[in-house]
Amino acid sequence: MPVAKVYVPEGILTPDQRREIVKGIHDVIVTVEKRPPNAPTYVLINEVPACDWGVTGSVYVPRT
């Protein structure tokens, strides 16, 4: 069974966005692997504290 790990800055995703990510990743995996739609796919969303997240050479600063 596939496991996908997603890392995001802490607090950036809404519950609806989390659901969309999980469903989107599941759909891609079952399509590519030609698995049945109800085949289990695990998606782990890991939140990283903003002070531990870097992008383009700088520490991530969340938009307010």
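Residues numbered from 1 in each chain as written. Predicted model: local features only at pLDDT ≥ 70, side-chain atom pairs only at ≥ 80, totals over all residues. Heavy atoms only, no water.

K.L.:
Would you mind showing me how to read the confidence of the model for the chain here?
P.N.:
Detailed reading of predicted coordinates is not advised where the pLDDT is low. For the chain, per-residue confidence averages 91 on the pLDDT scale, and residues scoring 70 or more make up 95% of the total. Least confident of the elements in the chain is strand E3 (residues 54-55), whose mean pLDDT is 80; most confident is helix H1 (residues 15-32), at 97. (pLDDT = per-residue confidence, 0-100. Helix = DSSP H or I, 4+ residues; strand = E, 2+ residues; numbered from the N terminus.)

K.L.:
Whenever I open this one, the pattern of salt bridges confuses me. Can you help?
P.N.:
Pairing is possible between side chains that carry opposite charge, provided their charged atoms lie close to one another. Counted according to the given criterion, the structure contains four salt bridges. Between Asp-16 and Arg-19 there is a salt bridge whose closest N-O contact spans 2.5 Å. Here Arg-19 and Asp-16 lie together in helix H1, a separation of three residues that amounts to about one turn. Owing to a relative accessible area of 52%, Arg-19 belongs among the exposed residues under this scheme. Across the pair Glu-33 and Arg-35 runs a salt bridge, and its minimum N-O distance is 3.5 Å. (Salt bridge = Lys/Arg side-chain N within 4 Å of Asp/Glu carboxyl O. Buried < 20%, exposed > 50% of the residue type's maximum accessible area, 1.4 Å probe, protein only.)

K.L.:
Would you mind going over a nonpolar patch on the surface with me for this structure?
P.N.:
Together, Met-1, Val-3, Tyr-42 and Leu-44 line one region of the surface with nonpolar side chains, adding up to about 430 Å² of accessible area. In this structure, Tyr-42 sits in strand E2 (residues 42-48). A relative accessible area of 43% means that Tyr-42 is categorised as partly exposed. (Patch = residues over 30% accessible without salt bridge, like charges linked within 9 Å, V, L, I, M, F, W, Y side chains within 5 Å. Areas by Shrake-Rupley, 256 points an atom, 1.4 Å probe, with all protein chains shown as cover.)

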